[in-house]
Structures are given as C-alpha cells and as structure tokens.
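# Working through the structure, step by step
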Amino acid sequence: MEQQEDLFKKIVSHCKEYGFVFPSSEIYDGLAAVYDYGQYGVELKNNLKQYWWKSMTLLHENIVGLDSAIFMHPKIWQASGHVDAFNDPLIDNKDSKKRYRADVLIEDYLAKLEGKVDKEIAKARKRFGESFDEKMYRETNARVKGYLDEYEALHHDFAKAMEENDLTRLRELIIEKKIVCPISGTTNWTEVRQFNLMFSTEMGSTADSSMRIYLRPETAQGIFVNFLNVQKSGRMKLPFGIAQIGKAFRNEIVARQFVFRMREFEQMEMQFFVAPGEELKWFEYWKDLRMKWHKSIGLGDEKYRYHDHEKLAHYANAATDIEYQMPFGFKEVEGIHSRTNYDLSRHEEFSGKKMRYFDTVKNESYIPYVVETSIGVDRLFLSVMCGAYCEEATDNGESRVVLKLHPALAPVKLAVLPLVRKDGLDEKARNVVEKLRFNFACQYDEKDSIGKRYRRQDAIGTPYCITIDHQTLEDNTVTIRDRDTMAQERINIDQLTEVIDAKTNMTNLLKQIAQ
Ligand code: GAP
C-alpha cells in the first residue's frame, strides 16, 4: 500500500518535472483541484482526444460530432435534474474547520477495513505457503471474520442511508464508527447538509436583466438539446450518435488524487439514440467496444474491470463503469449508461418543444432512447501516465525512468540527436528534422551527453531516438534507438519516414478496434 502511495507521488512529481501537468496558478500557491497541462501533457491529452474522436466519428458512419457552448439556458439544468439533485452530502469538522464529503469519510473507513483484511490474508499466505486456503481463512479466522462482518453491516447501513437520502443516519454512522477528522483528530462534526455541485455566475450587465446561469457539470445536455438540430440537418436515421469533447465544471467538496477529481475537467461523451426496446442490445455493444478501446492503449488487460451498478438511477435501466487500477485502487474512468428516454422527455416537458423522431419504417413518431458513453479525459490521462510509468535498471548498472506510452499517443515521436555538436553533425541533424517535421512531432537536442539525452526522451515517452554520427556523413545512415528495448539499428535516412510511421501512426490503434 505504502509502495503504491510512493509510486503515485513519483508519478505526480514526474508530471510536473517533465512538463506534463502543473498545479494551476502555482505562483499564487495554486488553486485547489485545478491543473494546467504543460508542453508534453497537452500533446498527450490531444492525442488521447484524437484517438477517441476518430474512433467515434471515423469508425462509425452514424456518429457525428458537436461542439456546444458551455453556457446554456438555466432551464436545461432544471429539466436535467441537476438544480434539485446534483448534490453531495457535506460535513464540517468544527475544530479544524475543514469540510468533507460524509459519504467519502465512510467509504474511506470501509476501504480501511478491506485493507486490514488484505493485510491479514497476506500475512497468513506467507505463513502457510502452498497449503493456504483463502476462502476457508476468511470464513474461520476470528479477526478477519470480525473485519468482514463489520464491513458488511456498515456497507448495508451506508447504502440504505444514501438511497433514502437520510443525512441524519449518515452522521450517526460517522459518530458510531468514531471517524475522526484527519487534521484535528476529533469527532466534533456538524450536521450533514446537501451541497449542490454546480458553479453559477451571472449573465447580463444590469441587475434587472441579469440571470443566473451555470457552468455545465456535464457535456451531455448540449447533445440532448441539439438532438433534433443534428438529426434534421444531417438527415440522420436511428440508431445514430452525437459525440462531443468539452470542459465540465463541478464544485467538488473533496478534490484529491491529482487530476482524478478536479473542479474543472474535460469530458468525452457520446449519446447514442436508438428506438425504444433496442437500448439494452446497444448498451451491451457499447460496453464491449469501450472496454476494447481502453485495452487497445496497451497498459495491460488485467488493469481494467467493469463495475456494474446494482442500484440504478431512477431514469436508467442499465449502467456500468469501466475501472482502471490506479495506484490508489480500481477507479472509475468511464461510465456507460442506458438512460432510457428520460433526458429528451424532460426537455420536451420543460421547453414545450417536441423532441420526437419520425420513424419512417414504423410510420410513427416517438422519443428515442439513449445509451451514453462518458469518459473523463483527465482520468484517462492519469490512467495512461500511471500505466506507462516504469523505473528500470539498465545493463550498465544505472536506472532509468521510461514512459512506455503507446507510440501513437506519445507527445514526441522522435528526437534527432547529433552525437557531437561539431564536424557538421549538428547541421546534418537539423536537415533530418527539417525533412521529418511535416509528418511527426520531432525534437532536436544537442545538449549534454548522448546518454543523458536518451534518458530525457525516455522520461517523456519518445518512441525513437535518431543519432547522427560521423558515419552518417559518409553513407547517409543513422542509428535508430527503440525506447522500450533500447536496441539500436542502423538504417538509411530515406527509410526513416516509413519506419517511424509504421509504429506511430494512429491508424494502428484504430484498426485494433474497428468492428
Ligand atoms: N453524463 C454523464 C456523466 O457526467 P459522470 O459519471 O458524472 O457521468 C462521467 O461523469 C465521467 O467524467 C467519469 O467517469 C469521470 O471520468 C469524469 N469525471 C466526473 N467527475 C470528474 C471530476 N471531478 N474530475 C475529473 N473527472 C471527472
């Protein structure tokens, strides 16, 4: 556990040191849960977005894109239910004056119980070796059973309190379990209150004419309210999808774990409109395809799992999360939801405008059903950084940090390095960059020893380093070094475009998931 915490800290500092992610407004001591993407972070993030966008719009002739405004009519958020129900239960500690999410305090307590069980099991496995029977141990060892029983009972009461929106009971559970504030160490808690997560601002210049509007907490509503615009202007027939990438804002009470939970973040959402009755078939289709998409990135299939929702929102008839094993546990990266015709029906009700599709085959009009895929770009980015980060010992007894990013996603595809900065090698290297920069994100680097330059490129995940040496001047060949194997091969400069393209082209990724 501690090892994983250390690893996570290393990844966070690597992100800062190598220009992937910076705390926002850092020279003013930062702004909680807001981050800026640096020179390599933005390239990696753009590549991830491009992969998603292309897999939606290029690989499906019935999916088109949209870029709707962040500001929307406030009634949209009444219709969607966000004004009334987009809340988190919050609680303050009176001594430290720190604010927490009551549900997260209890979830953390549950996670600690799980951790205790895991620790006992690991100890016993070590003690009993081959003959260890985990199932039996869980059922018979008094200490483990005690933890498990406590877990079950608390989990049951917690789920019930959340379902019934019983804030008093949530507080009681915190008190009963003697959950303390990590800062003050006391149980001097306030009542639990609901806290709406939407940011709001005023639009309009005069007091009379201004209206309260919200920063969108999800991009999906921009798709719903444009459903007929797109359908009619694009002559779309069901089933069809609308994809959108954009910023979303949530005033998270507890923002932590780096870019995992932010107050300003980015979503990639796709609403797939289908005929009523067909939604569960499409839900399965998207569940399967989205998992394939994640696995294609190459971080290891075993790092992903589904978490099917047992308790569904009142408007949903199926929902699952795709979780990735972060250093702090399996966490949701993407949600796939079968949302029935709830959103479109609500917009029909609140706007007074018909949100119906005329089905020429059935000769009737109806409100379509929707299957949504919704992924947070920043969480995806974090999963990729965590999965790609490697510390390795090298043959010469040194160590290196290497980001084993999929070559199509790497921020820089190749670095061109003159062995020395003289004898015309630097000029030759510049010529190579000049030739390749139209096709690939290239870097030229002549500073420091060649070894140091390789390390710098490893640390940002550059798949290829091209070295220009004295032989290059004689026969127009260069060495090309593979990031992962560190093996070097000598090839002609004229072959570079083909070799690099074969590995770094995004088509490689797209072909893996084309149905
Ligand atoms: N339209 C459905 C929707 O917004 P959600 O589960 O609330 O569903 C979808 O959010 C995805 O957005 C999540 O799976 C997660 O990846 C991302 N996300 C949500 N809140 C976030 C936050 N505070 N910071 C970063 N990403 C977030």
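Computed from a predicted structure; not experimentally measured. (Residues numbered from 1 in each chain as written. Predicted model: local features only at pLDDT ≥ 70, side-chain atom pairs only at ≥ 80, totals over all residues. Heavy atoms only, no water.)

## What about the overall build of the protein chain?
Heads up, the rule is: Helix and strand definitions follow DSSP, with helices as H or I runs of at least four residues and strands as E runs of at least two, each counted in order from the N terminus. Buried, partly exposed and exposed residues are distinguished by accessible area as a fraction of the type maximum, computed with a 1.4 Å probe on protein chains only: under 20%, between the cut-offs, and over 50%, respectively. Here a residue-residue contact requires only that any non-hydrogen atoms of the pair lie within 4.5 Å.
Per the secondary structure count, the protein chain includes 18 helices and 23 strands. Seen through its principal axes, the protein chain has C-alpha atoms that stretch 80 × 70 × 55 Å. For the protein chain, buried positions account for 48% of its 515 residues. In the protein chain, of all internal contacts separated by at least 6 residues, the share reaching a separation of at least 24 is 66%.

## Focus: the sheet that holds strand S3 (residues 63-66)
Operational definition: When DSSP finds two or more bridges between two strands, those strands count as paired. As a rule, the C-alpha atoms of each element are fitted with a line to give its axis, helices using only the stretch in contact, and angles between N-to-C directions run from 0 to 180 degrees.
What the seven strands build is an open sheet, ordered S3-S9-S10-S16-S13-S12-S11; its pairing is mixed. Unpaired on one side and paired on the other, S3 and strand S11 (304-308) mark the two borders of the sheet. With direction set aside, neighbouring strand axes in the sheet form an average angle of 25 degrees. As paired strands, strand S9 (residues 240-249) and strand S10 (residues 264-274) are joined by 10 bridges and run antiparallel to one another. Looking at the pairing, Lys 247 lines up with Glu 266 of S10.

## Comments concerning helix H12 (residues 342-351)
When H12 is considered as a whole, its buried residues turn out to be Tyr 342, Asp 343, Leu 344, His 347 and Glu 348. Where the residues of H12 are buried, they touch helix H3 (75-79), helix H9 (220-225), helix H10 (227-233) and S10.

## Considerations on helix H11 (residues 279-296)
The line we're drawing: Helix span, as expected, comes to 1.5 Å for every residue beyond the first.
Taking 1.5 Å per residue, 18 residues should reach 26 Å; H11 reaches 25 Å between its end C-alpha atoms and fits that length. Within the sequence span of H11, burial applies to Glu 279, Trp 282, Phe 283, Trp 286, Lys 287, Leu 289, Arg 290, Met 291, Trp 293, His 294 and Ser 296. Positioned one or two residues after H11, Gly 298 has a phi angle of 85 degrees, which is positive.

## Quick look at the packing of aromatic side chains
This is how the line gets drawn: Here the aromatic set is Phe, Tyr and Trp, taking the six-membered ring for Trp, and pairing holds for ring centres within 6.5 Å; pairs whose planes are under 30 degrees apart are stacked, those over 60 apart are edge-to-face, and all others are tilted.
Under the defined criterion, the tally for this structure stands at 22 aromatic pairs. Note on Phe 20 and Tyr 40: the rings are 5.9 Å apart at their centroids and 45 degrees apart in plane angle, and the pair reads as tilted. With Phe 20 in the loop between helix H1 (2-17) and strand S1 (21-23) and Tyr 40 in helix H2 (residues 39-57), this pair connects stretches of sequence that are 20 residues apart. Summarising the burial analysis for this pair, Phe 20 and Tyr 40 share the class buried.

## Quick word on the site of the ligand
Defined as follows: Note on terminology: near, applied to a residue and a molecule or strand, indicates that one of the residue's heavy atoms is within 4 Å of it. Pairs of N or O atoms within 3.5 Å make up the polar contacts considered here, provided that, within protein, one atom can donate a hydrogen while the other can accept it, and that residues adjacent in sequence are counted only when both atoms are side-chain atoms. Each accessible area is a Shrake-Rupley estimate made with a 1.4 Å probe; only the visible protein chains count as cover when residues are assessed.
Close to the ligand lie 18 residues; Glu 218, Glu 252, Glu 269, Glu 332 and Val 333 are nearest. Separating an oxygen atom of the ligand from a side-chain N or O atom of Glu 332 is a distance of 2.6 Å. Glu 372 places a polar side-chain atom, nitrogen or oxygen, 2.9 Å from a nitrogen atom of the ligand. Across the complex, the protein chains shield 91% of the 560 Å² of accessible surface that the ligand would expose by itself. Of all elements in the fold, only S10, strand S13 (329-338) and strand S16 (369-376) reach the threshold of two or more residues within the shell around the ligand.

## Describing the packing of helix H5 (residues 102-128) against helix H7 (residues 142-163)
Axes are the key here: two packed helices are described by the angle between their axes and the distance separating the axes. The criterion, for reference: Throughout, the term roughly parallel applies to angles under 35 degrees, roughly antiparallel to angles over 145, roughly perpendicular to angles from 65 to 115, and oblique to all others. Here is the rule for handedness: rotate from the far helix to the near one, and if that takes an anticlockwise turn smaller than a right angle the crossing is left-handed, while a clockwise turn gives right-handed. Polar here means any residue outside two lists: the nonpolar Ala, Val, Leu, Ile, Met, Phe, Trp, Tyr, Cys and Pro, and the charged Asp, Glu, Lys and Arg; Gly therefore counts as polar.
Taken N-terminus to C-terminus, the directions of H5 and H7 make an angle of 160 degrees; their axes are 10 Å apart at the nearest point. By the angle class used here, H5 and H7 are roughly antiparallel. Between H5 and H7 lies a crossing of left-handed hand. Between H5 and H7, the residues in contact are Asp 103, Ile 106, Glu 107, Tyr 109, Leu 110, Leu 113, Glu 114, Lys 116, Val 117 and Glu 120 and Arg 143, Val 144, Tyr 147, Leu 148, Glu 150, Tyr 151, Leu 154, His 155, Phe 158 and Met 162, respectively. In terms of residue class, the contact of H5 with H7 is built from 12 nonpolar, one polar and seven charged.

## As for the layout of surface pockets
To keep things clear, this is the line we draw: Each cavity reported here is a set of points on a 1 Å grid over the protein atoms alone in which a 1.4 Å probe fits but cannot get out, each pocket an open set with protein on both sides within 12 Å along at least five of seven lines, and each lining residue one with an atom within 4 Å of a point. Grid points are joined across faces, edges and corners, and a volume is the space filled by probe spheres set on the points.
The computed volume of the second largest pocket comes to approximately 290 Å³. Looking at the second largest pocket, it is lined by 14 residues, and the ones nearest its centre are Leu 105, Asp 108, Lys 112, Val 180 and Pro 182. With five residues, H5 is the single largest residue contributor to the lining of the second largest pocket. Classifying every residue of the lining of the second largest pocket by side-chain character gives eight nonpolar, no polar and six charged.

## Notes on the sheet that holds strand S23 (residues 488-492)
The strand order across the open sheet built from five strands is S20-S19-S21-S22-S23, with neighbouring strands paired in mixed fashion. Every interior strand has two partners, whereas the edge strands, strand S20 (442-444) and S23, have only one. Averaged over all pairs of adjacent strands, the angle between strand axes in this sheet comes to 25 degrees, irrespective of strand direction. For strand S19 (residues 414-418) and S20, the ladder comprises three bridges, and the chain directions are parallel. Residue Leu 414 lies in a different strand from S20, and its bridge partner there is Cys 442.

## Things to note about the pattern of salt bridges
The condition is simple: Should a side-chain nitrogen of Lys or Arg be within 4 Å of a carboxyl oxygen of Asp or Glu, the pair is scored as a salt bridge.
On inspection of all chains with the given rule, the structure shows 43 salt bridges. Salt bridges linked by common partners bring Glu 392, Arg 400, Lys 404, Arg 455, Asp 458 and Arg 481 together as one network.

## Thoughts on the pairing of strand S22 (residues 477-482)
Among the six residues that make up S22, six are buried, leaving the element largely enclosed by the rest of the structure. Both strand S21 (residues 464-468) and S22 contribute to a ladder of four bridges, which runs antiparallel. The partner of Ile 466 across the bridge, within S22, is Ile 480. The sheet contact formed by S22 and S23 spans five bridges and is antiparallel. If you follow Ile 480 over to S23, its bridge partner there is Glu 489. Joining the antiparallel neighbours S22 and S23 is a turn of five residues, in which Met 486 adopts a positive phi near 65 degrees.

## A look at the environment of Lys 119
For Lys 119, the position within the fold is in helix H5. Along the primary structure Lys 119 and Val 144 are separated by 25 residues, whereas in three dimensions their C-alpha atoms are 9.6 Å apart.

## Comments concerning the UniProt feature "binding site: substrate" (unreviewed entry) in the protein chain
Heads up, the condition is: UniProt positions are given in the numbering used here, feature names are shortened, and annotations may be inferred rather than shown by experiment.
The residues that UniProt annotates with the feature "binding site: substrate" (unreviewed entry) are Arg 101, Glu 218, Phe 265, Glu 266, Gln 267, Met 268, Glu 269, Glu 372, Thr 373, Ser 374, Ile 375 and Gly 376. The greatest C-alpha distance among the annotated residues, which extend across 276 residues, is 27.1 Å, indicating that they are dispersed rather than converging on a single site. Within the annotated group, the residues that form the lining of the second largest pocket are Arg 101. In this fold, Ser 374 is placed in strand S16. Exposure remark for Ser 374: the relative accessible area of 11% places this residue in the buried category. Ignoring any residue separated from it by four or fewer positions in sequence, one finds Ser 374 in contact with Gln 267, Met 268, Glu 269, Val 333, Glu 334 and Gly 335. Engagement of the side chain of Ser 374 in a polar contact is seen with the side chain of Glu 269, the distance being 2.6 Å. Tracing the backbone through its elements, the reader meets Ile 375 in strand S16. Ile 375 sits in the buried class, given a relative accessible area of 0%.

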